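Residues per chain, in single letters:
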Amino acid sequence: MLSHKVHVKRNDLVKVITGKDRGKTGKVLRIIPDKSTAIVEGINFRKKHTRANPAKGIQAGITQQEAPMRTSNLQVVCPECAKQTRVKHKPLEDGSKQRVCAKCGGTLDR
Ligand SMILES: [Zn+2]
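Residues numbered from 1 in each chain as written. Predicted model: local features only at pLDDT ≥ 70, side-chain atom pairs only at ≥ 80, totals over all residues. Heavy atoms only, no water.

**Q** Just checking my understanding: could you explain the coordination of the zinc ion for this structure?
**A** When four donors bind a metal tetrahedrally, each ideal donor-metal-donor angle is 109.5 degrees, and when six bind octahedrally, the ideal angles are 90 or 180 degrees. The zinc ion binds to the protein through Cys78 (SG), Cys81 (SG), Cys101 (SG) and Cys104 (SG), with metal-donor distances spanning 2.3 to 2.4 Å. Taken together, the four donor atoms coordinating the zinc ion and their angles of 105 to 115 degrees define a geometry best described as tetrahedral. Donor residues for the zinc ion, ordered by position in the chain, follow C-x2-C-x19-C-x2-C. Given a relative accessible area of 2%, Cys78 falls into the buried group. Using a relative accessible area of 25% as the deciding quantity, one classes Cys81 as partly exposed. (Donors = N, O, S within 2.8 Å, 3.2 Å for Na, K, Ca; no water. Tetrahedral: all angles 85-135°; square planar, octahedral: opposite > 155°, others 65-115°. Buried < 20%, exposed > 50% of the residue type's maximum accessible area, 1.4 Å probe, protein only.)

Written out as structure tokens, the structure is:
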């Protein structure tokens, strides 16, 4: 199943475990499963040059925008115990799987 490859989901709080933003936390805004990357709010900013587009009310200049980063560089922060954790998959009675915190067993899916 595709969802098994990516351990983080949209709206997860994640912590960056490597790279220039190491130690920062942010909320997952978007997952790009094909590339195993995610866009995380406030993390991995890249400067982007914007051309003026008066029709859309856009001014020329440099804006900062989050760039995708590899999900393997991210760890989920558990909403129950507030620790960064590995994700375990717990089978449910209906055959689906729930993501749970490897540290406290609390659910990561809301
Ligand atoms: Zn936990």
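Next, the rest of the story.
**Q** Can you help me understand the layout of surface pockets in this one?
**A** Any space left empty among the atoms is revealed by the rolling of a water-sized probe across them. Considering only enclosed or pocket space, the second largest pocket measures out at about 150 Å³ in volume. Considering the residues around the second largest pocket, the lining is formed by Lys9, Arg10, Asn11, Asp12, Leu13, Val76, Val77, Pro79, Arg99, Leu108, Asp109 and Arg110. Considering only residue class, the lining of the second largest pocket consists of five nonpolar, one polar and six charged. (1 Å grid on protein atoms, 1.4 Å probe; cavity = no way out; pocket = protein on both sides within 12 Å on 5 of 7 lines; lining within 4 Å. Points joined across faces, edges and corners; volume = space filled by probe spheres on them. Nonpolar A, V, L, I, M, F, W, Y, C, P; charged D, E, K, R; others polar.)

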